[in-house]
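Spelled out from the first residue to the last, the chains are:
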Amino acid sequence: MNKYNLLNLLLMISIAWLSISSCEKKDPVIDQIDMSAALMNKKWVLITQTREPAVDLDADGTPDQDVYAHRADCMKDDFIVFKEQEVFEGNAGVIKCYEEPQTTMATWVLDAKNAKVSVTDAAKNVKTWEILELSNTLLKVKYVWATGYNQNITLTDVLTFEAR
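Everything numeric in this text was worked out from a predicted model, so none of it was measured.

**A look at the side chain of Asn91**
- Examined against the element boundaries, Asn91 turns out to sit in strand 4 (residues 87-91).
- When its relative accessible area of 12% is taken as the criterion, Asn91 is described as buried.
- Within the structure, Asn91 has its side chain in polar contact with the side chain of Gln102 (distance 2.7 Å).
- If near-sequence neighbours (up to four positions away) are discounted, Asn91 is found in contact with Asp78, Phe79, Gln102 and Thr103.

If you want it as structure tokens, here you go:
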């Protein structure tokens, strides 16, 4: 086989590979214009949560990065809903950890660049999440916060929610 035939064969294999891989059906990432609509009226359930720097969550002497693994089962069915008119609902799900209200209400707003969503509760506490990824079925955010204890450590959590 001469080098021209080999080049043609490689070119045909590359084209075939591109054709096959482009047929995969993927959940497209939402463009900036549709972000508000993509967030709204879905039950967003937390499916992963990681933390940097890692913190010893179970007092076994080893810092834990996987926060979700240490969440109680009663918290794993909780969900959030971004509703119209900037209404935010936190829902305790079916399994409750203690006597807690079924729902808590807050407000939400996207920043001008649609890069961050801020949630303000009734006590005017604000949590701002940087949106890392948003599709019709997946929401991934980064939340930076300080412990506020005597240690005053800044932590970064990455949370991934699935629409159900």
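The rest of the description comes next.
**Some words on the side chain of Asp78**
- Locating Asp78 in the fold gives a position in the loop between helix 3 (73-76) and strand 3 (79-82).
- For Asp78, which is buried and forms no salt bridge, the nearest opposite charge comes from Arg71, at a distance of 4.9 Å.
- The contacts of Asp78, once residues within four sequence positions are left out, are Trp44, Val45, Leu46, Asn91, Ala92, Gly93 and Ile95.

**What about the pairing of strand 9 (residues 154-163)?**
- Where strand 1 (residues 44-55) and strand 9 come together, 8 bridges link them in antiparallel fashion. Among the inter-strand pairings, Trp44 is bridged to a residue of strand 9, identified as Ala163.
- Bridging between strand 8 (residues 138-146) and strand 9 involves 9 bridges; their strand directions are antiparallel. Bridge pairing in strand 9 places Val141 opposite Leu159.

**What about the pairing of strand 6 (residues 116-121)?**
- The pairing of strand 5 (residues 103-110) with strand 6 spans 5 bridges and is antiparallel. Looking at strand 6, one finds that Trp108 is bridged to Val119.
- Taking the residues between adjacent antiparallel strands as the criterion, strand 5 and strand 6 are bridged by 5 residues, where Asn114 takes a positive phi near 55 degrees.
- Connecting strand 6 to the next strand, strand 7 (residues 126-134), in antiparallel fashion are 4 residues, including Lys124 with a positive phi near 70 degrees.

**Observations concerning the confidence of the model for the chain**
- On average, the chain scores 85 in pLDDT, and the residues at 70 or more come to 79%.
- Contacts for the low-pLDDT stretch residues 2-24, under 50 throughout, to residues beyond four places or in other chains number 2 contacts.

**Topic: the state of the cysteines**
- If you walk through the whole model with that rule in mind, you get 1 disulfide.
- Here Cys74 connects covalently by a disulfide to Cys97, the sulfurs 1.9 Å from one another. Looking down the S-S bond of the Cys74 and Cys97 bridge, the torsion is 100 degrees, so its handedness is right-handed. Here Cys74 is found in helix 3, whereas its partner Cys97 is found in the loop between strand 4 and strand 5, with 23 residues between them in sequence.
- The class of Cys74 is buried, set by a relative accessible area of 12%.
- Judged by relative accessible area, which is 32%, Cys97 ranks as partly exposed.

How each quantity is defined
- Residues numbered from 1 in each chain as written.
- Predicted model: local features only at pLDDT ≥ 70, side-chain atom pairs only at ≥ 80, totals over all residues.
- Heavy atoms only, no water.
- Helix = DSSP H or I, 4+ residues; strand = E, 2+ residues; numbered from the N terminus.
- Buried < 20%, exposed > 50% of the residue type's maximum accessible area, 1.4 Å probe, protein only.
- Polar contact = N/O pair within 3.5 Å; in protein donor to acceptor, adjacent residues only side chain to side chain.
- Contact = heavy atoms within 4.5 Å.
- Lys, Arg positive; Asp, Glu negative; His and termini not counted.
- Salt bridge = Lys/Arg side-chain N within 4 Å of Asp/Glu carboxyl O.
- Pairing = 2+ DSSP bridges.
- pLDDT = per-residue confidence, 0-100.
- Disulfide = S-S within 2.5 Å.

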